[in-house]
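Structure assessment
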Amino acid sequence: MNKERKLIIAGNWKMNKTVAEALALVKGLKLELANIKEVDVVVCPPFTALGEVSKAIMDSIIRLGAQNMSENNFGAFTGEIAAGMLKEFSVRYVILGHSERRQFQKESDALISSKARAVHAASLKPIVCVGELLAEREGGQTEAVLTRQVHGSLAGLTPDQMRETIVAYEPVWAIGTGKTATSAQAQEAHAFIRSLLAGMFDAAVARHVRIQYGGSVKPSNARELMEQPDVDGALVGGASLDVRSFSDIIKNSI
């Protein structure tokens, strides 16, 4: 598949996998994906598995991501994790503003923006998630929600920082539900996000930014989604917990 931007497919393991289970998963992925050059592959285990997974993937094409990061570098922030701690494990990417954190931890666009700036200050790359609820889509609010989240969550980034930021469009109604936005719906939302980035920065920056789709991505729908001109990869949840399904998503995307 000839894409303007290199695909980036990341597995968000969420609160799953012990260290032993994590190692078994990446061992299988290393075998399956050994010859993949066309896609940037990222796995995002829970914090407890970062150290061992980092060592296990050192000699592979797989890169390491974290599921969250504090906007603070150190201090009295019980339960938080700082950039320096992630860098010890050779983490390259950090997921920010996932819909579950927006919903359950009440993370605001302003907080996500401060985290994104902290990620860049540490020379890491944020994957910033945006997306609407089912009621918002049904109420015709998709573009208003995306405008608010994109403007708020990416506020304060420089053009150079934005170029190194990945945006993940996640229609919240399609996460873990088995429902998937149609390829046309995904393309429409991704093109709209890119237009917002062009307005915030410029057309060249917007054209450079990779926008992932997240929401019940499966081997069976990966190709059709990735064929859309503004879909530059996937942020995969449940299907990333299985060697076969995650590797098939990646292979079917090429």
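First, a word on what this report is: a plain description of the structure on this page. What you see is a predicted model; the values in this text were computed from it and never measured. (Residues numbered from 1 in each chain as written. Predicted model: local features only at pLDDT ≥ 70, side-chain atom pairs only at ≥ 80, totals over all residues. Heavy atoms only, no water.)

**Remarks on the pairing of strand β1 (residues 7-12)**
Among the 6 residues that make up β1, 6 are buried, leaving the element largely enclosed by the rest of the structure. The side-chain alternation of β1 yields two buried faces, one formed by L7, I9 and G11 and the other by I8, A10 and N12. In the sheet, β1 pairs with strand β2 (residues 39-44) via 6 bridges, with the strands oriented parallel. What sits directly across from L7, in β2, is V39. Handedness of the β-α-β unit built from β1, helix α1 (residues 19-32) and β2 comes out right-handed. One ladder, built from 4 bridges, connects β1 with strand β8 (residues 233-236); its direction is parallel. Counterpart to I8 in the pairing with β8 is G233. (Buried < 20%, exposed > 50% of the residue type's maximum accessible area, 1.4 Å probe, protein only. Helix = DSSP H or I, 4+ residues; strand = E, 2+ residues; numbered from the N terminus. Pairing = 2+ DSSP bridges. Right-handed = clockwise from strand over helix to strand, strands pointing away.)

**Digging into the packing of helix α7 (residues 142-153) against helix α9 (residues 183-200)**
In contact at an axis separation of 10 Å, α7 and α9 are set at 45 degrees when each is read in the N-to-C sense. In this view, α7 runs oblique relative to α9, as classed from their interaxial angle. When you trace α7 past α9, the crossing you get is right-handed. Between α7 and α9, the contacting residues are E143, L146, T147, V150 and H151 on the first element and A189, F192, I193, L196, L197 and M200 on the second. Of the residues assigned to the contact of α7 with α9, the class counts are 8 nonpolar, 2 polar and 1 charged. (Axes fitted to C-alpha atoms, helices over the stretch in contact; angles between N-to-C directions. Parallel < 35°, antiparallel > 145°, perpendicular 65-115°, else oblique. Left-handed = near helix turned anticlockwise from the far one by under 90°. Contact = heavy atoms within 4.5 Å. Nonpolar A, V, L, I, M, F, W, Y, C, P; charged D, E, K, R; others polar.)

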